[in-house]
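Each chain is listed here by its residues.
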Number of protein chains: 2
Amino acid sequence: MAIEVLRLNHRIARDKRISTHVALTARAFGAGKIYYSGDKDSNLDNSVNKITEKFGGPFKIEHTENGIKLLKEKNNNGFFIVHLTVYGKDFKKYQNKVKNKNMIIVVGGEKVEREFYDIADLNLSVTNQPHSEVSSLAVFLYDVCGYGKFKDGKIKIVGSAKGKILKQI
Amino acid sequence: MAIEVLRLNHRIARDKRISTHVALTARAFGAGKIYYSGDKDSNLDNSVNKITEKFGGPFKIEHTENGIKLLKEKNNNGFFIVHLTVYGKDFKKYQNKVKNKNMIIVVGGEKVEREFYDIADLNLSVTNQPHSEVSSLAVFLYDVCGYGKFKDGKIKIVGSAKGKILKQI
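Since the model is a prediction, treat every value here as computed from it, not as a measurement.

Participant: Would you mind showing me how to read the interface of chain B and chain A here?
Facilitator: For interface size, the figure often reported is the accessible area lost on association. The interface is formed by 53 residues belonging to chain B together with 53 residues belonging to chain A. When the two sides are added together, the surface that chain B and chain A hide from each other amounts to roughly 4600 Å², 58% of it contributed by carbon and sulfur. When residues of chain B are sorted by the area they lose upon contact with chain A, Arg17(B), Tyr87(B) and Lys162(B) head the list and together hold 16% of the total. In this structure, the connection of chain B to chain A is made through 2 salt bridges. Put simply, Asp15(A) and Arg17(B) hold a salt bridge, and the shortest N to O gap is 2.7 Å. Run the count over chain B and chain A and you get 26 residue pairs in polar contact (both at pLDDT 80 or more). When contributions to the side of chain B that touches chain A are tallied by element, the ones reaching two or more residues are α1 (12–28), α2 (42–55), β4 (80–90), α5 (114–119), β6 (122–125), α6 (133–145), β7 (155–158) and β8 (165–168) of chain B.

Following this line, the structure appears as structure tokens:
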């Protein structure tokens, strides 16, 4: 099962930290790749790649000039397209439709163009209350994939009651 | 059951959007209040209060000068303190300990001081991979509370397959 993410309309000035959080969330909860449209941002790429080198992969980040063209290609390659939006149907009612599928998950962006709603196989919400593309992606991926699995990292964190335990691998 | 959140060390320049996402995530998944330490930020307060006025409450946002003092007061009032941190124990193993409790959930901040690890009843992780305070809070709250319930809003979004449906209440 391949899970990928497309983050729309990244703006360097406005979105630097939010897009990093979207990418790390994608990685932590089992996606293998994130694409982003909007501004090409080598700081974003570097931040995410550093985490992957340190804590393991596989996880790729790639800029795309054209989100719709990418989604058409993915669709031709058998990927199911889920667009997470506050306006969509509650994802909890569609769990059976999205499990065990190769899938690309689209998240906004301040404003998402109409054509993304049209190209999506499903427009799904994680609550119809406004919150965050980071939290929508997290809850959705956690539900579909659980935690990601990683290899080839240099260090790992070992969960502890009070401390900070980092272990060389 | 009262659920509240404390967001640590807000910095206006760096965190404006992340802290807004943390607050809206708290609201969407059932918390009744968010406190934040660090910079007092009227833009943050206003952004969050506008969403509450429009989409419903109850939800409060309040700046605190001293996070530890606040947690001590909450503790004296019977609140259980959960600190979400990548270094903590996997939250999935502690679900029984946190359900149906009055609880304040602490999230960082770039750097979280030692004393927050010490005062917490539990230091819990949502994966031991680095990702985001927004996604940790979202997954944890979604698991503990599910979706929030709201009243006194002016509009609501009705989930739909392809459209954007806003309904006056």
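Moving on from the coordinates now.
Participant: Just checking my understanding: could you explain the sheet that holds strand β5 (residues 103–107) of chain B for this structure?
Facilitator: The strands that make up a sheet pair up through hydrogen bonds in the backbone, lying either parallel or antiparallel. Residue and element names in this part refer to chain B. Across the sheet, which stays open at both edges, the 6 strands sit in the order β3-β2-β1-β5-β4-β6 with parallel pairing between neighbours. The sheet is open, and its two borders are formed by β3 (60–63) and β6, each paired with just one other strand. The average angle at which neighbouring strand axes cross in this sheet is 30 degrees, direction not considered. Judged from the 5 bridges that link them, β4 and β5 form a sheet pairing that is parallel.

Participant: What exactly am I supposed to notice about unusual backbone geometry here?
Facilitator: Most of the time, phi is negative for any residue but glycine, and the peptide bond is trans. Gly57(A) connects to Pro58(A) through a cis peptide bond whose omega is 5 degrees. Along the chain, the position of Pro58(A) falls in the loop between α2 (42–55) and β3 (60–63). At Asn100(B), a residue that is not glycine, the phi angle is positive and equals roughly 60 degrees. Looking at where Asn100(B) falls in the secondary structure, it is placed in the loop between α4 (95–98) and β5.

Participant: Before we go on, may I ask you to explain the sheet that holds β3(A) in this structure?
Facilitator: Residue and element names in this part refer to chain A. Pairing in this open sheet of 6 strands is parallel, and the strands run β3-β2-β1-β5-β4-β6 from one edge to the other. At either margin of the open sheet sits one strand with a lone partner, and together these are β3 and β6 (122–125). Across this sheet, the average inter-strand angle for adjacent strands is 30 degrees, counted without regard to direction. Sheet topology note: the strand β2 (residues 33–38)/β3 ladder contains 4 bridges and is parallel. Of the residues in β3, the one forming a bridge with Ile-34 is Ile-61. Against the sheet, helix α1 (residues 12–28) engages β1 (3–10), β2 and β5 (103–107), with an angle of about 175 degrees to β1. Sitting on the sheet, helix α6 (residues 133–145) touches β1, β4 (80–90), β5 and β6, and the angle it makes with β5 is about 160 degrees.

Participant: I tried to follow the relation of the copies chain B and chain A on my own but got confused; where do I start?
Facilitator: Both copies of the chain are related through a single rotation about an axis accompanied by a shift along the same axis. With an axial shift of 0.0 Å and an RMSD of 0.0 Å, the rotation relating chain B to chain A amounts to 180 degrees. The superposition of one copy onto the other is thereby described by a two-fold rotation axis. Within chain B, Ser135(B) has its C-alpha nearest the rotation axis, a separation of 2.4 Å. Taken together, the interface assignments show that 100% of the residues at the interface of chain B recur at the interface of chain A, consistent with an identical surface on both copies.

Participant: Explanation requested: the nonpolar core in the structure shown.
Facilitator: For soluble globular proteins, the rule of thumb is that nonpolar side chains tend to be buried together. With 71 residues, the main nonpolar core has Phe140(A) and Phe140(B) as its most contacted residues. Those residues in contact with Phe140(A), other than ones at most four positions away along the chain, are Val82(A), Leu84(A), Phe91(A), Val98(A), Met103(A), Ile105(A), Leu124(A) and Val126(A).

Participant: Explain α1(A) to me, please; I cannot follow it from the model alone.
Facilitator: One turn of an α-helix holds 3.6 residues; hence residues three or four places apart share an orientation. Residue and element names in this part refer to chain A. For α1, which comprises 17 residues, the first-to-last C-alpha distance of 23 Å matches the rise-based estimate of 24 Å (1.5 Å per residue) to within 8%. The sharpest bend along α1 comes to roughly 35 degrees, located at Ile-18. Here α1 lies mainly inside the structure; 13 of its 17 residues are buried. Of the residues trailing α1, Gly-30 is marked for its positive phi of about 100 degrees.

Participant: Honestly, the packing of aromatic side chains in this entry has me stumped. Any pointers?
Facilitator: Each aromatic ring pair is described using two quantities: the centre-to-centre distance and the angle formed by the ring planes. The final tally for this structure, using the stated rule, is 10 aromatic pairs over all chains. An angle of 85 degrees between the planes, with centres 6.2 Å apart, marks the rings of Phe29(B) and Tyr142(B) as edge-to-face. On the criterion of sequence distance, the pair formed by Phe29(B) in the loop between α1 and β2 (33–38) and Tyr142(B) in helix α6 is long-range, its members being 113 residues apart. With relative accessibility at 17%, the residue Tyr142(B) sits in the buried group. With a centroid separation of 6.0 Å and 45 degrees between ring planes, the pair formed by Tyr142(B) and Tyr147(B) is classed as tilted. Tyr147(B) sits in the buried class, given a relative accessible area of 19%. Every member of this aromatic cluster is reached through a ring pair, and the members are Phe29(A), Tyr142(A), Tyr147(A), Phe91(B) and Phe140(B).

Cut-offs used in this document
- Residues numbered from 1 in each chain as written.
- Chains lettered and ligands numbered in written order.
- Predicted model: local features only at pLDDT ≥ 70, side-chain atom pairs only at ≥ 80, totals over all residues.
- Heavy atoms only, no water.
- Contact = heavy atoms within 4.5 Å.
- Buried area = accessible area lost by both parts, 1.4 Å probe.
- Salt bridge = Lys/Arg side-chain N within 4 Å of Asp/Glu carboxyl O.
- Polar contact = N/O pair within 3.5 Å; in protein donor to acceptor, adjacent residues only side chain to side chain.
- Helix = DSSP H or I, 4+ residues; strand = E, 2+ residues; numbered from the N terminus.
- Pairing = 2+ DSSP bridges.
- Axes fitted to C-alpha atoms, helices over the stretch in contact; angles between N-to-C directions.
- Least-squares fit on C-alpha atoms with pLDDT ≥ 70 in both.
- Core = buried A, V, L, I, M, F, W, Y, C linked by side-chain atoms within 4.5 Å.
- Buried < 20%, exposed > 50% of the residue type's maximum accessible area, 1.4 Å probe, protein only.
- Expected span 1.5 Å × (residues − 1).
- Bend = angle between axes of the 7 residues up to and from the residue.
- Phe/Tyr/Trp six-rings, centres within 6.5 Å; stacked < 30°, edge-to-face > 60°.

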